[in-house]
Amino acid sequence: MSLLEVDQLGKQYPTPAEPLVVLKDVNLRADRGQSVAVLGPSGSGKSTLLAILGTLDEPSSGVVRVEGQDPFQLSETALAAFRADRIGFVFQEHYLLPQLSAFENVLLPLLATGPATAAGIARGESLLERVGLTDRRTHRPAELSGGERQRVAIARALVRDPLLLLADEPTGNLDAATAETVTELLVGLQAERDGVLVVVTHSEALANRLDRRVRLINHALEEASV
Ligand code: ADP
Ligand code: MG
């Protein structure tokens, strides 16, 4: 059993005319520790696929399994707990809370299912150090550079060591040098993990650092070389 299994996944959106087909027969397997880049033209459904893998959106057909479990079979409360515990997100926009410090933003996911534990807080500390921002711990997002904000977002996404780390164009808003730093961090942190990393990216440099590349084309995924 692969950690992530996607079988014949379909997604369509209703419109006044015919339904808009975004995904049709998408299949994907990823094993523990594996990283996968999802490539494809703008509008091909990459963000839609990532949102479904992250249980933020529901498939129209097909099955997603994470450690053998189909999250869409869970009750709403159980699904929220599943998402908080097993899924980490990094978006193109950092979505940090402006009123919280860098460190508080990193710790935030710990509070989703109860009080933060000492182990969780220690993990937050070590991640903040790992992304090189210990000396920025009390800075608010507005007091950080774009690259620093994205490094906080990566630490936040990893603080619960999620089974699935999902990143949607994580370097899309960054200049080349900063994108390189963020790429190195993501790749380095993933190498220490047991979970799966799925990254939507237009960056060949980032895609080429991951274990596998797949391309979303004609509503389906195919293996890609670059
Ligand atoms: P990508 O991330 O590859 O650029 P998206 O997944 O964002 O593509 O979008 C794929 C297609 O689905 C686009 O044509 C977009 O307009 C459409 N789409 C995305 N979300 C919705 C929605 N909530 N309702 C209707 N159409 C949507
Ligand atoms: Mg997108």
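What counts as what
Throughout this description, residue numbers start from 1 for each chain and increase along the sequence as written. Each chain takes a letter, starting from A, and each ligand takes a number, starting from 1, following the order in which they are written. Where local features are concerned, this predicted model is filtered to residues with pLDDT of at least 70; where side-chain atom pairs are given and counted, the filter is 80 or more; whole-chain, interface and lining totals use all residues. Values reported for side chains reflect all heavy atoms of the structure, with hydrogen atoms and water molecules removed beforehand. UniProt positions are given in the numbering used here, feature names are shortened, and annotations may be inferred rather than shown by experiment. We count a stretch as a helix when DSSP gives it H or I for four or more residues in a row; a strand needs E for two or more, and each element gets its number in order from the N terminus. In this treatment the radius of gyration is a C-alpha quantity, and the globule benchmark scales as 2.2 Å times the residue count to the 0.38 power. A simple rule labels every residue: compare its accessible area, found with a 1.4 Å probe on the protein chains alone, to the largest value its type can have, and call it buried under 20%, exposed over 50%, or partly exposed in between. Any two residues having at least one pair of non-hydrogen atoms within 4.5 Å are treated as being in contact. Note on areas: Shrake-Rupley with a 1.4 Å probe; residue coverage comes only from the protein chains shown. The sign given to each residue is positive for Lys and Arg and negative for Asp and Glu; His and the chain ends receive no count. Every charge is mapped to an atom, namely NZ of Lys, CZ of Arg, CG of Asp or CD of Glu. Here a helix's expected span is defined as the number of its residues, less one, multiplied by 1.5 Å.

- An unreviewed UniProt entry lists the chain under the name Lipoprotein-releasing system ATP-binding protein LolD, with Botrimarina hoheduenensis given as the organism.
- According to UniProt, the comment filed for the chain under the heading Sequence similarities (unreviewed entry) is "Belongs to the ABC transporter superfamily. Macrolide exporter (TC 3.A.1.122) family."

**A few points about the overall build of the chain**
Part 1 of the reasoning: When its secondary structure is counted, the chain shows 7 helices and 9 strands.
Part 2 of the reasoning: A globule of 226 residues ought to have a C-alpha radius of gyration of about 17 Å, and the chain, at 17 Å, matches this closely.
Part 3 of the reasoning: Dimensions of the chain along its principal axes, counting C-alpha atoms only, are 50 × 40 × 40 Å.
Part 4 of the reasoning: Out of the 226 residues in the chain, the part that is buried amounts to 49%.
Part 5 of the reasoning: Restricting the contact set of the chain to residue pairs at least 6 apart, pairs at least 24 apart contribute 70%.
Part 6 of the reasoning: For the chain, the accessible area works out to roughly 10,600 Å², and carbon and sulfur atoms hold 49% of it.
Part 7 of the reasoning: The chain carries 22 positive and 30 negative side-chain charges, and their two centres are separated by 2 Å.

**Details of helix α6 (residues 176-191)**
Part 1 of the reasoning: Given a rise of 1.5 Å per residue, 16 residues ought to cover 22 Å, and the 22 Å separating the end C-alpha atoms of α6 matches this to within 8%.
Part 2 of the reasoning: On its buried face, α6 is in contact with β3 (35-39), α4 (118-130), α5 (146-158), β6 (164-168), β7 (196-200) and α7 (204-207).

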